[in-house]
Structure formats: C-alpha cells, structure tokens
Amino acid sequence: RASTTLQLSNTIVAFNNAGVSGGGVSSAGAGSKSSDYNDFWGNSAPVQPDGNVAIGSHSLAADPRFLNAAAGDLHIGFDSPAVDSADPRTFLDRDIDDQMRPVNQGYDMGADELAGCLARNRTSRAVYGVLQEAVDAAGGPVTIGECKL
C-alpha cells in the first residue's frame, strides 16, 4: 500500500454518525495525518466520536451555529465561533457561494464566509472585506463607506 498524507484544515465537521468509530473523520490508511483550524461538534460513534486524526491546538469544539441545519442551510451566522477562526495562511479567496474571503478580521472556518463587505471605495467602487485593505489601497484622501452587496 502506498503511503498517503491527510491534511484537514478550515473545515466544520459536525453532526456525523458512525456505527463503530470515527464519527467525524476516520483514516484507515498509513501515512501522515494532521488536522488544525477545524471545528468538531456533535459527532457520534462508540469509539473516537470526532475521529482518529489528532486535533490541532487551533481547532474548536463548539456549536458552529448554522443558520438552519435542519433545513440544509449550513451557512454560518454572525454569532458562529467559526467566524474569523480559520488558518490565517489560507489561500482561498472565494467561498462556496462565490463571495470574497476573508471578510472582517480573518477567514471563517468551513465552506461559507460570512457574507458582506466592510468597506467600499466611493471613488473607485472597489469592495473590501477588510477595512484596513480599503484604507491602504486608497493611497490618499478618499471617502471609504460601508456597503451592501
């Protein structure tokens, strides 16, 4: 068998069930496994309910507060602990809804970035998810205002 590498990050692993072990994440293969900047919540199994992959020090064990999980709406709300909690070295610039990321003070865990923007340059109409980026990009006197997308 070939050795593989599993690296799990910026993921919400929630409400999964397994009959034996590894309700959250289970890896049976050889190779290195790492997991950090994730939220493990509400997973169940008789053994290792969150899985058999070590959970990193930046990970959470908190209700992700999806907007309406029962109806399949797994977007996160403003009160979610996943907001601004993902790996700051993330390279993804769009979320599952093709909205920009990061918004606010950092990347959000999971596929969804909390929607919206913080600032719009009223001259160029450019939209920024981080206020400081708007100020830095302005390069001089300009009005920065809040916006709605």
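Residues numbered from 1 in each chain as written. Predicted model: local features only at pLDDT ≥ 70, side-chain atom pairs only at ≥ 80, totals over all residues. Heavy atoms only, no water.

Engineer: Please provide a residue-by-residue account of the overall build of the protein, values included.
Structural biologist: Looking only at helices and strands, the protein has one helix and nine strands in total. Reading the secondary structure of the protein in the N-to-C direction produces β-β-β-β-β-β-β-β-α-β. Taken across its 149 residues, the protein has 36% of its residues classed as buried. Contacts in the protein between residues far apart in sequence, at least 24 positions, make up 48% of those at least 6 positions apart. Here the protein has roughly 8,800 Å² of accessible surface; of this, 52% comes from carbon and sulfur atoms. (Helix = DSSP H or I, 4+ residues; strand = E, 2+ residues; numbered from the N terminus. Buried < 20%, exposed > 50% of the residue type's maximum accessible area, 1.4 Å probe, protein only. Contact = heavy atoms within 4.5 Å. Areas by Shrake-Rupley, 256 points an atom, 1.4 Å probe, with all protein chains shown as cover.)

Engineer: Can you lay out the nonpolar core for me, pointing to particular residues and giving the numbers?
Structural biologist: Of all hydrophobic cores here, the largest spans eleven residues; its members are Ile 12, Ala 14, Tyr 37, Phe 66, Ile 76, Ala 82, Val 83, Ala 86, Tyr 107, Met 109 and Leu 114. In this view, Ile 12 contacts Asp 39, Pro 64, Phe 66, Ile 76, Ala 82, Met 109 and Gly 110; residues no more than four positions away in its chain are not counted. Leu 8, Val 13, Val 25 and Phe 40 belong to the second-largest nonpolar core, a separate cluster that totals five residues. (Core = buried A, V, L, I, M, F, W, Y, C linked by side-chain atoms within 4.5 Å.)

Engineer: Lay out the side chain of Ser 35 with the relevant residues and their values.
Structural biologist: For Ser 35, the location among the structural elements is in strand β3 (residues 33-36). Relative accessible area serves as the criterion here: at 5%, Ser 35 is assigned to the buried category. Look past the residues within four positions of Ser 35 in its chain and what remains in contact with it is Leu 8, Phe 40, Val 53, Ala 54, Ile 55, Gly 56 and Ser 59.

Engineer: I'd like a rundown of the layout of surface pockets, residues and numbers included.
Structural biologist: Approximately 250 Å³ is the volume attributed to the largest pocket. Together, 13 residues line the largest pocket, and Ile 12, Phe 66, Leu 74, His 75 and Ala 111 are the ones closest to its centre. Mapped by element, the contributors of at least two residues to the lining of the largest pocket are β2 (12-14) and β6 (73-76). Among the elements that line the lining of the largest pocket, the one with the most residues is β6, at three residues. Partitioning the lining of the largest pocket into residue classes produces nine nonpolar, two polar and two charged. (1 Å grid on protein atoms, 1.4 Å probe; cavity = no way out; pocket = protein on both sides within 12 Å on 5 of 7 lines; lining within 4 Å. Points joined across faces, edges and corners; volume = space filled by probe spheres on them. Nonpolar A, V, L, I, M, F, W, Y, C, P; charged D, E, K, R; others polar.)

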